[in-house]
Amino acid sequence: MPVKKRSENLSRVTVHMTVNGKKVEREIEPHKTLLEFLREDLYLTGTKEGCGQGDCGTCTVQVNGRPVNSCLVLAVNVDGHDILTIEGLAREGRLHPIQQQFLNKGAVQCGFCTPGMILSSKTLLDTKPHPTEQEVKAALSGNLCRCGNYKKIIDAVLSASHHLKESPG
Amino acid sequence: MKRLDPFLYFEPQTLAEAIDILVGTGKNPHILAGGTDLLVRMKRSDLRPSALVNIKRIDGLKDIRHDPQNGLHIGSMTTIASLEQSETIRSEVAVLWQAAASLGAPAIRTLATIGGNVGRASPASDMFPALIVLDARVIFEGPGGRKELAAEEVCSGPGATCLGPGEIITGFSVPRHSNHAKGVYLKIGRRAGLDLAVVGVAVWLELSENHREVRKARIALPAVGPVPLRARKTEACLLSGRLTPERILEASRCAVEECSPINDIRASAAYRKELISVLTRRAIEQIMESMPPA
């Protein structure tokens, strides 16, 4: 993006980002959050709003491989960054091993926390392929499940860590 | 959908530009660092900034530099996650590392910055007590140039610092410490993660060479007063003479007396006092166990 010499008010910012592997360029108003942008501009509605204030994790996405609460990120702040949402996990109709294990283990009840849980889990498994149960809990500590399905979610993540040894995603 | 009201938006390239904008723009300009507290307050309408000044483009605010002679320098825009992932931070200033690891949850830590946490000056701040017990100095720049303050002098009240208009925290300096010194940060919230401290305690002790006596003590507690509390009387309890289990108990009782926790939505004052006593004792014991008598 062009460098402004003397700082001026930026009423709209041209943002270049990659979302689920695809380049995206848009002009965005500064007060739009990344969550709003993903859902309402890109129609990627897999990422959810639960609390809107960083307390529930349903809006979790990966930015440059790190987990963030997209409800607390201004869309203009991801210029040059790589975004991964839940829609970016399946490849050619084949579920990512983490998604598959969430289904296999009954880790999906109402499904509302699921995208955020999966993104947080993926971040963990990307960096720690063989986590302990404690490490799984810590990685998911920012994701709430109001159905109370935590045990099965943790089982799914541990199971996925075994399956990922066979088919890296 | 919780949405933000529009604001003027700036991405200054230099500190000088940022300072200019902060003093020259409208009613209520605010620095945007990680945004994990700012955006929440804006969504609740607790804060209505006329402008946000995003300081991410300014160079030199993200370094972690360690020098055995001069100690540690941490840039103000260093994220809490970077602190958590830094081997330097973990080995040199374990108490700060523990505070960082306890803050929020992984997704918050990716964005939140140490400068933002300090600037927000929440009485429950995790980073402040750790910085206080490390004798850290807060470095900031503003219209009057570069200034420094001891961490414990920065909070002027709940949510308030003594920084003036246009002053921006640029970093923190931690002096070098003796090999016989260790710090610990313990925190209890309503949940094991993603919660503010109901009670926390940062303890830092420099021991004698035989590890039986305390040469220097620093104790600071979040969430028990309007600002993070430096518990000087409790520190004094630990000095002079051998550190026995009785002295440790006495210190933990002293910590309870020095604090003035309140009843609030998270816990009662009485429960907090109980926790303070337990955490203070635990923290001291952990430090002593990690440095057994020589």
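Note that this is a predicted model, so its numbers are computed, not measured.

Calculation criteria
Residues numbered from 1 in each chain as written. Chains lettered and ligands numbered in written order. Predicted model: local features only at pLDDT ≥ 70, side-chain atom pairs only at ≥ 80, totals over all residues. Heavy atoms only, no water. Helix = DSSP H or I, 4+ residues; strand = E, 2+ residues; numbered from the N terminus. Rg over C-alpha atoms; globule rule 2.2 N^0.38 Å. Buried < 20%, exposed > 50% of the residue type's maximum accessible area, 1.4 Å probe, protein only. Contact = heavy atoms within 4.5 Å. Lys, Arg positive; Asp, Glu negative; His and termini not counted. Charge placed at Lys NZ, Arg CZ, Asp CG, Glu CD. Salt bridge = Lys/Arg side-chain N within 4 Å of Asp/Glu carboxyl O. Buried area = accessible area lost by both parts, 1.4 Å probe. Polar contact = N/O pair within 3.5 Å; in protein donor to acceptor, adjacent residues only side chain to side chain. Nonpolar A, V, L, I, M, F, W, Y, C, P; charged D, E, K, R; others polar. Axes fitted to C-alpha atoms, helices over the stretch in contact; angles between N-to-C directions. Parallel < 35°, antiparallel > 145°, perpendicular 65-115°, else oblique. Left-handed = near helix turned anticlockwise from the far one by under 90°. Pairing = 2+ DSSP bridges. Patch = residues over 30% accessible without salt bridge, like charges linked within 9 Å, V, L, I, M, F, W, Y side chains within 5 Å. Areas by Shrake-Rupley, 256 points an atom, 1.4 Å probe, with all protein chains shown as cover.

Caption draft 1: The arrangement of the overall build of chain B in detail. Counting secondary structure elements, chain B contains eleven helices and 14 strands. Whereas a compact globule of 294 residues would reach a radius of gyration of roughly 19 Å, chain B reaches 19 Å, a difference of no more than 12%. For chain B, the spread of C-alpha atoms along the three principal axes comes to 60 × 45 × 30 Å. Within chain B, the fraction of its 294 residues that count as buried is 54%. Across chain B, contacts joining residues at least 24 apart in sequence account for 60% of those joining residues at least 6 apart. Each charge class in chain B can be summarised by its mean position, and for the 37 positive and 32 negative side chains these summaries are 5 Å apart.

Caption draft 2: View of unusual backbone geometry. Notably, A:N64 is not glycine yet its phi reads approximately 50°, a positive angle. Mapped onto the elements, A:N64 comes out in the loop between strand 3 (60–63) and strand 4 (66–69). On the accessibility criterion, A:N64 (41% relative accessible area) is partly exposed. Despite not being glycine, B:L194 shows a phi value in the positive range, around 50°.

Caption draft 3: Focus on the pattern of salt bridges. All names here are of chain B. On inspection of all chains with the given rule, the structure shows 28 salt bridges over all chains. We note a salt bridge from D37 to R41, for which the minimum N-O separation is 4.0 Å. Accessibility expressed as a relative area gives 31% for D37, which makes it partly exposed. Residue R41 is classed as partly exposed on the basis of its relative accessible area, which comes to 21%. Members of the salt-bridge network, linked through shared partners, are E152, R230, R232 and E235.

Caption draft 4: Representation of the interface of chain B and chain A within the structure. Opposite the 38 residues of chain B that make contact, chain A presents 39 residues. Taking both partners together, chain B and chain A bury about 3,100 Å²; carbon and sulfur atoms supply 54% of that area. Here chain B and chain A share two salt bridges between them. Between B:R3 and A:E36 there is a salt bridge; the shortest N-O distance is 2.7 Å. For the pair chain B and chain A, the interface holds 13 residue pairs in polar contact (both at pLDDT 80 or more). Element by element, the count of residues in the side of chain B that touches chain A is highest for helix 6 (residues 106–111) of chain B, at five residues. Partitioning the side of chain B that touches chain A into residue classes produces 19 nonpolar, eight polar and eleven charged.

Caption draft 5: Representation of the packing of helix 10 (residues 245–258) of chain B against helix 11 (residues 269–290) of chain B. All names here are of chain B. The geometry of helix 10 relative to helix 11 is characterised by a closest axis approach of 8 Å and an angle of 140° between their N-to-C directions. Relative to helix 11, helix 10 is oriented oblique. Remark: the crossing between helix 10 and helix 11 carries right-handed chirality. Along its contact with helix 10, which presents I248, L249, A251, S252, A255 and V256, the element helix 11 presents K273, I276, S277, T280, R281, I284 and E285. Residues that form the contact of helix 10 with helix 11 fall into these classes: seven nonpolar, three polar and three charged.

Caption draft 6: Highlighting the sheet that holds strand 2 (residues 22–28) of chain A. All names here are of chain A. An order of 2-1-5-3-4 is seen for the five strands of this open sheet, with the pairing classed as mixed. Both outer strands of the open sheet, strand 2 and strand 4, are each paired with one neighbouring strand and no more. Here the strands of the sheet are splayed against their neighbours by 40° on average, with no regard to which way each runs. Both strand 3 and strand 4 contribute to a ladder of four bridges, which runs antiparallel. Residue pairing in the sheet places Q62 in a bridge with P67 of strand 4. Docked against the sheet, helix 1 (residues 34–41) engages strand 1 (13–19), strand 2, strand 3 and strand 5 (82–84), running at close to 110° with respect to strand 2. Most of the contacts of helix 3 (residues 114–127) go to strand 3, to which it runs at about 35°, and overall it touches strand 3, strand 4 and strand 5.

Caption draft 7: How the structure looks around a nonpolar patch on the surface. A cluster of nonpolar side chains, namely A:L95, A:L103 and A:V108, defines an oily patch on the protein surface of about 230 Å² accessible area. Its place among the elements puts A:L103 in helix 2 (residues 97–104).

Caption draft 8: Region of interest: the sheet that holds strand 11 (residues 181–188) of chain B. Residues and elements named next belong to chain B. Judged by pairing direction, the sheet is antiparallel, and its four strands sit side by side in the order 11-12-13-14 without closing on themselves. Two strands lie at the open edges of the sheet, namely strand 11 and strand 14 (229–230), each paired on one side alone. Where strand 13 (residues 214–221) and strand 14 come together, two bridges link them in antiparallel fashion. From the neighbouring strand, L221 faces strand 14, where its bridge partner is L229.

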